[in-house]
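Structure at a glance
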2 protein chains.
Amino acid sequence: MKLGALGEDRLLNKILLHLPRGKDRKVPAGSADDCAIVEISGSKKYLVLKTDCVVEGVHFLRGTNPSDVGWKAMMRPLSDFAAASALPKFALITLIAPQQTNVAWVLGLYRGLRRAGSRFEVSIVGGETSNTPGPIAVSVTVIGFVEKSRVASRQGGKPGDDLFVTGRLGSASEKHLKFTPRIVESRWLTKHFSVHAMMDLSDGLGADLPRLARASKVGFDIELENLPVARGATIDNAISEGEDYELLFAISPRNRNSLQRQWRRKFPKLPLTRIGALNHKAHLANRKLPRGYVHFQQSR
Amino acid sequence: MKLGALGEDRLLNKILLHLPRGKDRKVPAGSADDCAIVEISGSKKYLVLKTDCVVEGVHFLRGTNPSDVGWKAMMRPLSDFAAASALPKFALITLIAPQQTNVAWVLGLYRGLRRAGSRFEVSIVGGETSNTPGPIAVSVTVIGFVEKSRVASRQGGKPGDDLFVTGRLGSASEKHLKFTPRIVESRWLTKHFSVHAMMDLSDGLGADLPRLARASKVGFDIELENLPVARGATIDNAISEGEDYELLFAISPRNRNSLQRQWRRKFPKLPLTRIGALNHKAHLANRKLPRGYVHFQQSR
């Protein structure tokens, strides 16, 4: 059987089921989550770890500005820190590139990596370069911390919770090289509210929401007419396109009014939209989704 | 200018010179060292970080047993933990592989990764898979800790220090897929002795020793006739071949006798050899090195 015949989720599951457990290992949120979150002895915080990569011809095209590639390579794992409400601190870079790569390209890449890291006070503390006969690949590992009382994950959503998303969905083709992870917003949320479940939308709402629901063991109802669709995008784009890197979270409806009021004051330029709710149903609730429905079904 | 025209050291320097410094960053041993070693607030230990990768066609050949590839991919960064005398705890895996890769191959790879990790109680806590049109690449990031009083680096060697290496050198072609990093030995050394400078030999003594000398701002004298040459290897192999993954360290000659006596008792099967000493000279001391000399020169 070939790798291409497995979805990414299923491959990861197959692999992760065999993971060893160290003697003193505690992983409050599992590896299938956005970040790995582990205990460190004698600390009130969890250690948060995430690795991600971008590959030429898959995540970016050959002629892309190298600084944009660096920005994206750093911001992707940082978006997973937003999902966990964690503070990133350090990054390690692995650059796999052919000998004939221009040094100017590499310097541009690192400019983008540094610029993105600086935005959240992340220090690039190490790295590795390797030759390859293939396309350029950039792997970024980010290490940070989160207070035990504030860690967020896909688990914990309750039936009846409101579902909110930040920003507008479906504009990935324009912004996938330019986005800013919602770390500031996520940290504010967990400081002022009890967020039951949270994730970042990297594969599109239609693929990601079912993952949150599955992890929380609940169903969901989406009010299609309320989806915050980006300018120039369709509802279908908003459901099916990945790389929005917005936050999706579940929170008690008791917090609805105060959340919306305080959000508008704190982040006046960034929409916050209630798109539906979690419910008791274990299967897909909203059958009116147009093409997105197929995507929903596939990803279950 | 192309990447191939720069040596790895020079490229890394060019890049690392531009690294940002976070506000609370403290990096006792710099990024040019084997591991990144950073302060974490409120801890008596340093956080130790290392990333490394293996690429098909560069670090392993197409037909290689995938479990051996996994072993090597995990053990390479662990060897850098040995160099720092640090204890590894967690690992993250990034697998970049084409769609047509056999799932059996991937499962074999993870078997090797897990087996290598278990050897040192390292838990694989997360990872990422990506498609690629190119060769398979496996990037492993290892996270761990070291007591501030026991951290080792390339810096700190003093003129007059004895230079020791563990094991035998020059047998890389046989053992590069099977080696065991010297973490146990390194931890024992820093527990019982004051090790002034240490590194692992991943690029060969001829390339690595000048790096230790440079970082310590000293010269060195090697007694060629004392080099512990592996069976079937030549002195030239012992100097020029990489991937021995043995320890090279500098220690006061006052410790020589007690080190050798205690080592023989503790590790009776693993040779420990005094190969020379550090000195005041800032340039290459041993001019009798045969072909290795060229290698020495190039790497300065």
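Since the model is a prediction, treat every value here as computed from it, not as a measurement. (Residues numbered from 1 in each chain as written. Chains lettered and ligands numbered in written order. Predicted model: local features only at pLDDT ≥ 70, side-chain atom pairs only at ≥ 80, totals over all residues.)

Below, the discussion takes up the overall build of chain A. Scanning chain A from terminus to terminus reveals 9 helices and 10 strands. Classification of the 300 residues of chain A by burial places 53% in the buried group. Counted over contacts in chain A with a minimum sequence separation of 6, partners at least 24 positions apart contribute 84%. (Helix = DSSP H or I, 4+ residues; strand = E, 2+ residues; numbered from the N terminus. Buried ≥ 20, exposed ≤ 12 C-beta atoms within 10 Å, placed from the backbone. Contact = placed C-beta atoms within 7 Å.)

Moving on: the sheet that holds strand 3 (residues 87-96) of chain A. What holds strands together in a sheet is hydrogen bonding between their backbones, with the strands either parallel or antiparallel. Residue and element names in this part refer to chain A. Pairing is mixed in the open sheet, where 5 strands are placed in the order 1-2-5-3-4. Two strands lie at the open edges of the sheet, namely strand 1 (36-39) and strand 4 (123-130), each paired on one side alone. Each neighbouring strand pair of the sheet contributes to a mean axis angle of 20°, computed without reference to strand direction. For strand 2 (residues 45-55) and strand 5 (residues 137-147), the ladder comprises 11 bridges, and the chain directions are antiparallel. Counterpart to K45 in the pairing with strand 5 is E147. (Pairing = 2+ DSSP bridges. Axes fitted to C-alpha atoms, helices over the stretch in contact; angles between N-to-C directions.)

Here we take up the domain arrangement of chain A. Residue and element names in this part refer to chain A. Under the domain assignment, chain A is made up of domain 1 (3-147) and domain 2 (162-299). Contact residues are listed per partner, giving 13 residues for domain 1 and 15 residues for domain 2. Grouping the amino acids of the side of domain 1 that touches domain 2 by side-chain chemistry returns 7 nonpolar, 2 polar and 4 charged. (Domains from an automatic or database assignment. Nonpolar A, V, L, I, M, F, W, Y, C, P; charged D, E, K, R; others polar.)

All names here are of chain B. Relative to strand 10 (residues 272-279), strand 6 (residues 162-166) is paired through 5 bridges, and the arrangement is antiparallel. Opposite T166, over in strand 10, you have L272 as the bridge partner. Of the strand pairs in this sheet, strand 8 (residues 219-222) and strand 10 are connected by 4 bridges, and their pairing is antiparallel. Residue F220 lies in a different strand from strand 10, and its bridge partner there is L278.

Low-pLDDT stretches of the model should not have their predicted coordinates read in fine detail. Residues and elements named next belong to chain A. On average, chain A scores 86 in pLDDT, and the residues at 70 or more come to 84%. Residue range residues 20-27 is modelled with pLDDT below 50. Its contacts to residues more than four positions away, or to other chains, number 17 contacts. Reported confidences for the modelled complex are a pTM of 0.87 and an ipTM of 0.85. (pLDDT = per-residue confidence, 0-100.)

Residue and element names in this part refer to chain B. Ordered by their spatial adjacency, 5 strands build an open sheet running 7-9-6-10-8, and the pairing between neighbours is antiparallel. Two strands in the sheet have a free side with no partner beyond their single neighbour: strand 7 (195-200) and strand 8. On average, adjacent strands in this sheet sit at an angle of 30° to one another, irrespective of strand direction. Across the sheet, helix 6 (residues 205-216) lies against strand 7, strand 8, strand 9 (247-251) and strand 10, angled at about 145° from strand 7, the strand it touches most.

With that settled, the discussion passes to the nonpolar core. By size, the foremost hydrophobic cluster in this structure holds 171 residues, and its most contacted members are A:V48, A:L49, A:V138, B:V48 and B:V138. The contact partners of A:V138, leaving out residues within four places of it in the chain, are A:C53, A:V54, A:V69, A:A73, A:I93, A:L95 and A:L109. (Core = buried A, V, L, I, M, F, W, Y, C linked by C-beta atoms within 7 Å.)

The subject of this paragraph is unusual backbone geometry. The phi dihedral of A:S85 falls on the positive side, at around 60°, and the residue is not glycine. Look at B:Y245: it is not a glycine, yet its phi comes out positive at around 55°. On the secondary structure map, B:Y245 appears in the loop between helix 7 (235-240) and strand 9. By C-beta crowding, B:Y245 is classed as buried, having 25 other C-beta atoms within 10 Å.

This part covers helix 5 (residues 183-192) of chain B. Considered for burial, the residues of helix 5 of chain B that qualify are B:I183, B:E185, B:S186, B:L189 and B:T190. Projected down its long axis, helix 5 of chain B carries its buried residues within an arc of 160°, all on one side. (Arc of directions from axis to C-beta.)

For the rest of this paragraph, the subject is the packing of helix 2 (residues 66-84) of chain B against helix 3 (residues 103-119) of chain B. Residue and element names in this part refer to chain B. Remark: helix 2 packs on helix 3, axes separated minimally by 6 Å, with the N-to-C direction vectors making an angle of 40°. In terms of orientation, helix 2 and helix 3 fall into the oblique class. Between helix 2 and helix 3 the crossing geometry is right-handed. Residues P66, S67, D68, V69, G70, W71, A73, M74 and M75 of helix 2 lie in contact with helix 3, whose contacting residues are W105, G108, L109, Y110, R111, G112, L113, R115, A116 and G117. Among the residues forming the contact of helix 2 with helix 3, the class breakdown is 11 nonpolar, 5 polar and 3 charged. (Parallel < 35°, antiparallel > 145°, perpendicular 65-115°, else oblique. Left-handed = near helix turned anticlockwise from the far one by under 90°.)

Moving on, we get to the environment of B:L270. By the secondary structure assignment, B:L270 is in the loop between helix 8 (256-266) and strand 10. When sequence neighbours within four positions are dropped, the list of residues in contact with B:L270 reads B:T166, B:G167 and B:E185.

Residues and elements named next belong to chain B. For S171, the position within the fold is in the loop between strand 6 and helix 4 (172-175). It is 6.8 Å that separates the C-alpha atoms of S171 and D244, two residues lying 73 residues apart in sequence. The residues contacting S171, other than those within four sequence positions of it, are A230 and A233.

Time to look at helix 3 of chain B. Working note: α-helix, 3.6 residues per turn, so residues spaced by three or four point in the same direction. All names here are of chain B. Counted at 1.5 Å a residue, the expected span for helix 3 with its 17 residues is 24 Å, and the 24 Å between its end C-alpha atoms agrees. Buried residues of helix 3: V106, L109, Y110, G112, L113, R114, A116 and G117, and no others. Where helix 3 ends, the next residue or the one after it, E121, has phi of about 55°, a positive value. (Expected span 1.5 Å × (residues − 1).)

On to the environment of A:I96. In this fold, A:I96 is placed in strand 3. Judged by the 28 C-beta atoms lying within 10 Å of it, A:I96 is buried. A sequence separation of 160 residues divides A:I96 from A:R256, and the C-alpha atoms of the two residues are 47 Å apart. For A:I96, the contacting residues outside a window of four places in its chain are A:S130, A:T132, A:I136, A:A137, B:C53, B:V55 and B:A137.

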